[in-house]
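What follows is the residue order along each chain.
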Amino acid sequence: LDNTANGLREGARYYLLGASFWDLDWEQAVYYFTQVYGGWPSLWDGTLTAADRFRIASMRYGDVLFEREQYCDAFTQYDNAQKVGAIDEQAAANWSNAKLKCYPPTVTPTVTLEVTATTEVIPVDTAIPTETLTPTP
């Protein structure tokens, strides 16, 4: 076989391996669909493309990691899924929470100014001008 046919055969093999882990082991599904997505994202089994399977597997593996409180790893999986397409509501909520846990906002420092009263008397010129200006026609 030529290189293209051989590569496609390998892609199909990885696709089938990834599909065998579907709903059973999301980590393995992500591993295999990462391989297929990188070379043949449009490879299709009649229901989903490799890109779709990579996106969905990344979301579900992210959910598993989120439940294990591995927030930074979950955040990475959700980000990978979003690079391919939209993520579902559950993944979006977990992504947001994982982002806060993994990248907490920095505290804004507060600046306190101390104002002290002065007792110094400053003289003010009390002379009021008495000349009135009249417009010239």
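The paragraphs below set out a description of the structure included in this document.

The rules we used
- Residues numbered from 1 in each chain as written.
- Predicted model: local features only at pLDDT ≥ 70, side-chain atom pairs only at ≥ 80, totals over all residues.
- Heavy atoms only, no water.
- Helix = DSSP H or I, 4+ residues; strand = E, 2+ residues; numbered from the N terminus.
- Phe/Tyr/Trp six-rings, centres within 6.5 Å; stacked < 30°, edge-to-face > 60°.
- Buried < 20%, exposed > 50% of the residue type's maximum accessible area, 1.4 Å probe, protein only.
- Lys NZ or Arg CZ within 6 Å of the ring centre and 35° of its normal.

On to the environment of glutamate 69. Of note, glutamate 69 is situated in the loop between helix H3 (50-67) and helix H4 (71-84). Distance from glutamate 69 to alanine 98, taken between C-alpha atoms, is 8.7 Å for residues 29 residues apart in sequence.

In this structure the tally under the stated criterion is ten aromatic pairs. Centroid distance phenylalanine 21 to tyrosine 32: 5.8 Å. Interplanar angle 5°. Geometry classified as stacked. Remark: tyrosine 32 occurs in helix H2 (residues 26-39) and phenylalanine 21 occurs in the loop between helix H1 (3-20) and H2; sequence separation between them is eleven residues. Of the residues examined, tyrosine 32 reaches a relative accessible area of 15% and is grouped as buried. When the centroid spacing of 4.9 Å and the interplanar angle of 80° are considered together, the rings of tyrosine 31 and tyrosine 32 count as edge-to-face. Residue tyrosine 31 is classed as partly exposed on the basis of its relative accessible area, which comes to 43%. A connected cluster of aromatic rings, assembled from ring pairs, spans Tyr14, Phe21, Tyr31 and Tyr32. Just above the ring of tryptophan 22 sits the side chain of arginine 53; from NZ or CZ to the centre is 4.7 Å.

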